[in-house]
Amino acid sequence: MLPHSLDSLVCKLTEHNDAMVQLVKDYRIAFESDIVNLFIGPLAEAKHIANNDNELFILQLINAKALKYYGGNSGLALLNAYLQCYFADKQKDENWMSCLSKHLIL
């Protein structure tokens, strides 16, 4: 069960209990790892399709929304569910995904 927003979950859990801070950090790491794992499959599929079609594959131009054109819709649906609840602020979400995309090497 995904929280409405990871930021709101962190605030609620750490507001009154300092012992929860490490648990929240571990949860955030696991959550981010899931996002990376869900993102890598469709990225690999997109690169494979682009290579087979003799298209130039530029990672910097690919984002989660653009991956729908390369298939893998079930993985993308789950990725989008994670992304929608990761940050309450969509600008933070886009910045995080942009940073993630820049660090992935295919």
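It should be emphasised that the depicted structure is a prediction, and the values quoted were computed from it without experimental measurement.

Considering the overall build of the chain
Regarding its fold elements, the chain presents four helices and zero strands. Listing the helices and strands of the chain from first to last along the sequence gives α-α-α-α. Across the 106 residues in the chain, those meeting the buried criterion constitute 33%. Pairs at least 24 residues apart make up 65% of the contacts formed inside the chain by residues separated by at least 6 positions. Approximately 7,000 Å² of the chain is accessible, and the part contributed by carbon and sulfur atoms is 57%.

Here's the deal with the confidence of the model for the chain
Per-residue confidence for the chain averages 75 on the pLDDT scale, and 73% of its residues sit at or above 70. Taken element by element, the chain is modelled with least confidence in helix 1 (residues 6-14), mean pLDDT 67, and with most confidence in helix 2 (residues 20-52), mean pLDDT 83.

Some points on the packing of helix 2 against helix 3 (residues 73-86)
Where helix 2 contacts helix 3, the two axes come as close as 9 Å, and the packing angle between them is 145°. For the element pair helix 2 and helix 3, the recorded crossing hand is left-handed. Here helix 2 contributes Arg28, Phe31, Glu32, Asp34, Ile35, Leu38, Phe39 and Pro42 to the contact with helix 3, which in turn contributes Gly75, Leu76, Leu78, Leu79, Tyr82, Leu83, Cys85 and Tyr86. Residue composition of the contact of helix 2 with helix 3, grouped by class: 12 nonpolar, one polar and three charged.

Section: the nonpolar core
Note on soluble globular proteins: their nonpolar side chains tend to be buried together. Residues Phe31, Ile35, Leu43, Phe57, Ile62, Leu67 and Leu79 are the most contacted members of the largest nonpolar core, which totals 19 residues. At the level of secondary structure, the elements contributing two or more residues to this core comprise helix 2 and helix 3. Among the elements that line this core, the one with the most residues is helix 2, at seven residues. The residues contacting Leu67, other than those within four sequence positions of it, are Phe39, Pro42, Leu43, Ala46, Ile62 and Leu76.

Things to note about the environment of Val36
The residue Val36 is located in helix 2 in this model. Distance from Val36 to Leu79, taken between C-alpha atoms, is 9.0 Å for residues 43 residues apart in sequence.

Here's the deal with the packing of aromatic side chains
Summed over the entire model, instances satisfying the criterion amount to two aromatic pairs. Ring centres of Tyr27 and Phe31 lie 6.0 Å apart, and the angle between their planes is 35°; on these two criteria the pair is classed as tilted. In this pair, Tyr27 and Phe31 are both assigned in helix 2, four residues apart and thus about one turn of the helix distant. Residue class for Tyr27 comes out partly exposed when judged on its relative accessible area of 32%. Ring geometry for Phe31 and Tyr82: centres 4.9 Å apart, planes at 45°, overall tilted. Taken together, the positions of Phe31 in helix 2 and Tyr82 in helix 3 put the pair 51 residues apart, joining distant regions of the chain. Tyr82 matches Phe31 in its accessibility class, with the two residues each being buried. Pairwise contacts between aromatic rings join Tyr27, Phe31 and Tyr82 into one cluster.

Rules of the game
- Residues numbered from 1 in each chain as written.
- Predicted model: local features only at pLDDT ≥ 70, side-chain atom pairs only at ≥ 80, totals over all residues.
- Heavy atoms only, no water.
- Helix = DSSP H or I, 4+ residues; strand = E, 2+ residues; numbered from the N terminus.
- Buried < 20%, exposed > 50% of the residue type's maximum accessible area, 1.4 Å probe, protein only.
- Contact = heavy atoms within 4.5 Å.
- Areas by Shrake-Rupley, 256 points an atom, 1.4 Å probe, with all protein chains shown as cover.
- pLDDT = per-residue confidence, 0-100.
- Axes fitted to C-alpha atoms, helices over the stretch in contact; angles between N-to-C directions.
- Left-handed = near helix turned anticlockwise from the far one by under 90°.
- Nonpolar A, V, L, I, M, F, W, Y, C, P; charged D, E, K, R; others polar.
- Core = buried A, V, L, I, M, F, W, Y, C linked by side-chain atoms within 4.5 Å.
- Phe/Tyr/Trp six-rings, centres within 6.5 Å; stacked < 30°, edge-to-face > 60°.

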